[in-house]
Each structure stands twice: as structure tokens, then as C-alpha cells.
Amino acid sequence: MSEDKDMSFFGHIGELRGHLIRSILAIVIAAIVVGFNINWIMDHIFFGPTRNDFPTFKLVNEFSQWVLGEDSITLPDEFPVRVQRLYQQFNVMMAVSIFGGIVAAFPYIVWELWRFISPALHPNERKNSIFIINSVWILFMTGVLCGYFLILPFAVNFGVIFKISDIIIPLYDLSDYTTLFLQVVIGMGVVFLFPVLIYFLTNIGILNPQFMKTYRRHAIVLIMVVAAIITPADVLSMIMAALPLLLLYEFSIVMCGYTYKKVQKRDASSSQAVQKS
């Protein structure tokens, strides 16, 4: 964005288009990198939560050995995956590449967003915006890692060990597993942006900490609903998703209170300035 704050509407549109094009190019480049390494990514990352040597399972079993004297999670040695349609593997490769490109390029996309809006901000606002912009990509990446290491393994474990008959031979669909993977990982990344939304709503005067405390019980119910949406039907996965979201809500209350005080001070300073003038 140009430093000229009197830029026309179409000038702003042109600047925004440039930032969008660079962001899309970053996603495309990252997606191409993922695509060229798709075999390694599928074997070691994508299907990682289906193996007993996954870090989450190893950590849980080490704790279980210390407490119970035996492993509490043991998956089958094989995770048989079927392909039903001719282009199913190609479609999964494209989906993994695109979403992997979005995740990898997300910090750069946020940086491009900051470059677009920062020239229009006052120096103090610009200083605060740096903190907010960094918080956006850090929270998103934290949510992605939380979904991958904390929720997805338990969702896979439940789906694999749950049986209604020994006669049934498991054969898992590739697209079904892909949907589960992206739903949990990307879904948690998006949900973890909740504190940023709270910050903006507080900053424009819509929310206050008292409101969030008053409706905490309603928020808990809503969090359980969201956890049920982004996870499979099992209770353990839903609880594992709900716990970090509950912590996020409590953190958002604290942040809302801090932001609300700053907004009050700003409004008081503005009122005094108007009265003096």
C-alpha cells in the first residue's frame, strides 16, 4: 500500500489485488513443494497418527506404563486403505497439497494482510497491530498442531479399535480418512483464532468481559457443539477438542478485560480532548 493516505478507492483496490496475488502465489508455491514431496508427506505425516510409533501414542503409553504397567493404546500393525474411484488418489493429492500450501503459507499471507492495512494506522495502532498479526498466525499454527497431535490420534484410535463384530474386516476409505484429517487439523486451526475475534469485537465496543463471564455457561455448551462438529462421534475426541477451546475462552476473557480497559482509557482521552477544544 502506498504511503499516500489520500489514495483513491480504485488505488486501494489495486494495492489489495497485488497483496492477494502474492498471497495466492505463496500458496501455489507451497502447494507445489508439498506435491513434489507427497509420498514422504503421506507416509510420515498424513498416515502418522495410524501407527503405534506416533509421538502422542508413545507419550501416552509411557505414562500408562508408569501408572498401569502396560500400554493403554495399541493399534493394529496395518492400516488398510482402499481406493474406490479412478482419480481418488489424484484428488486426495490435490486436496493435501492445497491445504498443506495454505498452512505453510499462512504466516506469509498474514504478513501481506498487515502490509496492506499498516500504512493506514497511527504509530501506536501500528505497534499494537504487529502483536495482533503475529498472534493470528501463531494461534492458527498452534490450533493445527493441537488438532494433529492431540485430537486426530485419539479419533483414529477410536475408529480403529471400535468393533461391533469380529466378522467385519476393516478396510478404510482414503477420502474418508482425508476428510477426517483436514476437518480436525484445519478446523482446530480456524477455531484457535477465536481470541483474535474477541479482541476486535471488544475494540469496537461490542463485547466486554462482564458479558463473557455472564454467558460462560452458554459458551461452554457452544464449545461442546463446535468440538462435536470438528471431531468424529466419539466422546474422547470431543473432550480432547473441547479442553483447549475452554482454555482459549478463559484466556479470551482475560484478553477482553485488558482490551476493554484500554478502550475505556482511549474513549476518556478522546472525550477530554473534545471538551478542551
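Just so you know, these numbers come straight off a predicted model, no measurement behind them.

Of regular secondary structure, the protein possesses 10 helices and two strands. Secondary structure elements in the protein, listed N-terminal to C-terminal, are α-α-α-β-α-α-β-α-α-α-α-α. Across the 277 residues that make up the protein, the buried fraction comes to 38%. For the protein, long-range pairs separated by at least 24 residues make up 81% of all intrachain contacts whose partners lie at least 6 apart in sequence. Accessible surface computed for the protein: about 17200 Å², of which carbon and sulfur atoms make up 68%.

Moving on to the environment of V196. Of note, V196 is situated in helix α7 (residues 194–203). Among the residues examined, V196 registers a relative accessible area of 12% and is labelled buried. Leaving out residues up to four positions away in the same chain, V196 has contacts with I132, V136 and L139.

Look at the UniProt record and you will see "transmembrane region" (unreviewed entry) annotated at residues 20–42, 90–111, 131–160, 180–202, 214–233 and 239–260. With 91% helix and 0% strand, the stretch residues 180–202 has end C-alpha atoms that lie 34 Å from each other. Taken end to end, residues 239–260 comprises 100% helix and 0% strand; its first and last C-alpha atoms sit 31 Å apart.

So, about the side chain of S23. Considering the arrangement of structural elements, one finds S23 in helix α1 (residues 9–36). We classify S23 as buried; its relative accessible area is 8%. There is a polar contact of 2.9 Å between the side chain of S23 and the backbone oxygen of H19.

Glancing now at the packing of aromatic side chains. By the definition in use, this model includes 20 aromatic pairs. Look at F46 and F181: their rings are 4.8 Å apart centre to centre, the planes differ by 40 degrees, and that puts the pair in the tilted class. On the criterion of sequence distance, the pair formed by F46 in helix α2 (residues 38–46) and F181 in helix α6 (residues 174–191) is long-range, its members being 135 residues apart. The burial state of F46 is the same as that of F181; both residues are buried. Consider the rings of F79 and Y177, whose centres lie 5.6 Å apart with planes at 65 degrees: the pair is edge-to-face. With F79 in the loop between α3 (55–67) and β1 (81–82) and Y177 in helix α6, this residue pair connects regions lying 98 residues apart in the sequence. For Y177, a relative accessible area of 5% puts it in the buried group. Across from the ring centre of W111, 5.0 Å away, lies the NZ or CZ of R115, which sits over that ring.

Our next topic: α2. For α2, every residue scored as buried is listed here: I38, I41, M42 and F46. Down the axis of α2, the buried set is contained in an arc of 100 degrees. They therefore lie on one face. With respect to the buried face of α2, the exposed residues turned more than 90 degrees away are N39 and W40.

Take α7 next. Every buried residue belonging to α7 is among P195, V196, I198, Y199 and T202, and all of these are buried. The buried side chains of α7 occupy one side of the element, clustering within an arc of 160 degrees when seen end-on. Of the residues flanking the end of α7, it is G205, one or two places downstream, whose phi is positive at about 90 degrees.

Turning next to the nonpolar core. Judged by nonpolar contacts, the single largest core of 61 residues is most densely connected at F46, L152, F181 and M188. For this core, the element with the most residues is helix α5 (residues 123–161), which contributes 14 residues. What M188 contacts, discounting residues up to four positions off in sequence, is G143, C146, G147, I151, Q183, I230, A241, P244 and L245.

A side chain with one charge may pair with a side chain of the opposite charge, provided their charged atoms come close. Under the definition given, this model contains four salt bridges. Note that R216 is salt-bridged to E250, the shortest N-O span being 2.9 Å. Note that R216 is positioned in helix α9 (residues 216–230) and E250 in helix α10 (residues 235–276), a separation of 34 residues in sequence. Relative accessible area serves as the criterion here: at 29%, R216 is assigned to the partly exposed category. With relative accessibility at 34%, the residue E250 sits in the partly exposed group. What emerges from the salt-bridge pattern is a single network uniting R22, E112 and R115.

Our focus in this paragraph is the packing of α6 against α9. At a closest axis distance of 9 Å, the pairing of α6 and α9 adopts a crossing angle of 150 degrees. Judged on the interaxial angle alone, α9 and α6 are roughly antiparallel. Residue-level inspection shows Q183, V184, G187, M188 and V191 of α6 in contact with α9, the latter providing V226, I229 and I230. Across the contact of α6 with α9, the residue classes tally to six nonpolar, two polar and no charged.

How each quantity is defined
Residues numbered from 1 in each chain as written. Predicted model: local features only at pLDDT ≥ 70, side-chain atom pairs only at ≥ 80, totals over all residues. Heavy atoms only, no water. Helix = DSSP H or I, 4+ residues; strand = E, 2+ residues; numbered from the N terminus. Buried < 20%, exposed > 50% of the residue type's maximum accessible area, 1.4 Å probe, protein only. Contact = heavy atoms within 4.5 Å. Areas by Shrake-Rupley, 256 points an atom, 1.4 Å probe, with all protein chains shown as cover. UniProt positions renumbered as here; feature names shortened; annotations may be inferred. Polar contact = N/O pair within 3.5 Å; in protein donor to acceptor, adjacent residues only side chain to side chain. Phe/Tyr/Trp six-rings, centres within 6.5 Å; stacked < 30°, edge-to-face > 60°. Lys NZ or Arg CZ within 6 Å of the ring centre and 35° of its normal. Arc of directions from axis to C-beta. Core = buried A, V, L, I, M, F, W, Y, C linked by side-chain atoms within 4.5 Å. Salt bridge = Lys/Arg side-chain N within 4 Å of Asp/Glu carboxyl O. Axes fitted to C-alpha atoms, helices over the stretch in contact; angles between N-to-C directions. Parallel < 35°, antiparallel > 145°, perpendicular 65-115°, else oblique. Nonpolar A, V, L, I, M, F, W, Y, C, P; charged D, E, K, R; others polar.

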